Amino acid sequence: MLIDKKREEMYFNCRMRKKAIDKKMAVIRAIIFIPPALILIGTVIDIAMSVLGDAAILATGAGLYGYEVMGTSPMYLLDIICSGALIAMALGVSFFGTEYLLQKSPYIYSGLVVLFFILLLVSGYVPMITFAILAAIAIPLSVWNKKLAAEEKEMRTLDGYPHFNPVHIKHTDTPFVPATKDELDEMSAEDRIMYEREH
């Protein structure tokens, strides 16, 4: 498919812009998703280790020799709920691009900061500070993500989205009309090769 230089430059600029947007959104996605996901995984592993340790003590009768069944802290439930809330927000905002969450994300994250501080004051559970910091960091990132998502949405209307590569674009400005047998016979060998390559 033959494309003029201006259009080729336009596709190149659009491709570079799309790559830049995707890269920035991937950074935002990583920052708001990975920390709470690691906290959740760590909490689940800690609970599992505690349960297995207690089960081993009970199964082997080690309690008779001074070992105590400690159980798991009920505060782990707060860790799971808070990290789960942050993960759910990250999924909705950056992975699935839910329109409502994209628009309301700064307010929701601000609400989460306040909620985590209230939980800190009520429970005295210090790790709530970590969740409050993560939610506070997510506020400006969610505003930035919202702008990038709007820019990316505008690009969807452009010809060639999402790859902006002329090689992959099947349609042309003028509809393709196959050459007749007479036109094919009149073509030179070079013209025939070019015609077959393009169509």
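One can find the structure itself at the top, above this paragraph.
Note that the coordinates shown come from a computational prediction; the quantities given were computed from them, not determined experimentally.

An account of the packing of aromatic side chains is requested, with residue identities and associated values reported.
Evaluation of the coordinates by the stated rule reveals two aromatic pairs. An angle of 70° between the planes, with centres 5.2 Å apart, marks the rings of F33 and F95 as edge-to-face. Here the residue F33 occupies a position in helix α1 (residues 5-60), and F95 occupies one in helix α2 (residues 76-95), the gap between them amounting to 62 residues. Classification of F33 by relative accessible area gives partly exposed; the value is 23%. Look at F95 and you get partly exposed, because its relative accessible area is 41%. Seen from their ring centres, F116 and F131 are 5.9 Å apart, and the 50° between their planes marks the pair as tilted. Here F116 is found in helix α3 (residues 99-123), whereas its partner F131 is found in helix α4 (residues 128-155), with 15 residues between them in sequence.

Quick rundown of the nonpolar core? Include the residues and the values.
In terms of nonpolar packing, the biggest core is built from 31 residues, with I32, L86, Y109, L112, F116, M128 and A135 touching the most fellow members. Of all the secondary structure elements, the ones that give two or more residues to this core are α1, α2, α3 and α4. It is α4 that provides the largest number of residues to this core, a total of ten residues. Beyond its immediate sequence surroundings of up to four residues, I32 is in contact with L86, A90, S94, Y109, A138 and L141.

Summarise the environment of K19; cite the residues concerned and give the values.
If you trace the backbone, K19 turns up in helix α1. What makes K19 exposed here is its relative accessible area of 51%. Considered as a pair, K19 and H163 are 144 residues apart in the sequence and their alpha carbons are 9.3 Å apart.

Requested: an account of a nonpolar patch on the surface, with residues and values cited.
A contiguous nonpolar surface patch, about 480 Å² in accessible area, is contributed by V27, I31, V126, I129, I133 and I137. Looking at the nonpolar patch, the elements that each hand over two or more residues are α1 and α4. Looking at the nonpolar patch, the element that brings in the most residues is α4, giving three residues. Here I133 shows up in helix α4. Using a relative accessible area of 46% as the deciding quantity, one classes I133 as partly exposed.

An account of α3 is requested, with residue identities and associated values reported.
Note on helix geometry: an α-helix contains 3.6 residues per turn, so any two residues three or four positions apart are oriented the same way. The terminal C-alpha atoms of α3 lie 34 Å apart, and with 25 residues this matches the ideal 36 Å at 1.5 Å per residue to within 8%. Approximately 65° is the largest bend angle found in α3, and it occurs at S105, with the proline P106 only one to four residues beyond. Positive backbone phi, at 70°, marks G124, one or two positions downstream of α3.

Got a sec to walk through the packing of α2 against α3? Specific residues and values, please.
Between α2 and α3, the least distance of the axes is 11 Å, while the angle of their chain directions is 170°. Between α2 and α3, the angle is such that the two are roughly antiparallel. Facing L78, C82, L86, M89, A90, G92 and V93 of α2, the residues of α3 in contact are L101, L102, S105, I108, Y109, L112, F116, L119 and S123. Split into classes, the residues belonging to the contact of α2 with α3 amount to 13 nonpolar, three polar and no charged.

Please provide a residue-by-residue account of the side chain of N145, values included.
Within the fold, N145 resides in helix α4. By relative accessible area, N145 is classed as buried at 0%. Contact partners of N145, with chain neighbours within four places excluded, come to M25, I28, V93, S94 and L102.

Describe the packing of α3 against α4, and please don't skip the residues or the numbers.
Where α3 contacts α4, the two axes come as close as 8 Å, and the packing angle between them is 170°. Between α3 and α4, the angle falls in the class roughly antiparallel. Partitioned by chemical class, the residues of the contact of α3 with α4 number 19 nonpolar, five polar and three charged.

Provide a residue-level description of the pattern of salt bridges, including the pertinent values.
For the structure on display, the rule yields four salt bridges. K18 is paired through a salt bridge with D22; the nearest N and O atoms lie 3.0 Å apart. Here the residue K18 and the residue D22 both occupy positions in helix α1, the gap between them amounting to four residues, near one helical turn. Taking the relative accessible area as the measure of exposure, D22 reaches 35% and is therefore partly exposed. Connected via shared salt-bridge partners are K18, D22, E152 and R156.

Criteria and thresholds
- Residues numbered from 1 in each chain as written.
- Predicted model: local features only at pLDDT ≥ 70, side-chain atom pairs only at ≥ 80, totals over all residues.
- Heavy atoms only, no water.
- Phe/Tyr/Trp six-rings, centres within 6.5 Å; stacked < 30°, edge-to-face > 60°.
- Helix = DSSP H or I, 4+ residues; strand = E, 2+ residues; numbered from the N terminus.
- Buried < 20%, exposed > 50% of the residue type's maximum accessible area, 1.4 Å probe, protein only.
- Core = buried A, V, L, I, M, F, W, Y, C linked by side-chain atoms within 4.5 Å.
- Contact = heavy atoms within 4.5 Å.
- Patch = residues over 30% accessible without salt bridge, like charges linked within 9 Å, V, L, I, M, F, W, Y side chains within 5 Å.
- Areas by Shrake-Rupley, 256 points an atom, 1.4 Å probe, with all protein chains shown as cover.
- Salt bridge = Lys/Arg side-chain N within 4 Å of Asp/Glu carboxyl O.
- Expected span 1.5 Å × (residues − 1).
- Bend = angle between axes of the 7 residues up to and from the residue.
- Axes fitted to C-alpha atoms, helices over the stretch in contact; angles between N-to-C directions.
- Parallel < 35°, antiparallel > 145°, perpendicular 65-115°, else oblique.
- Nonpolar A, V, L, I, M, F, W, Y, C, P; charged D, E, K, R; others polar.

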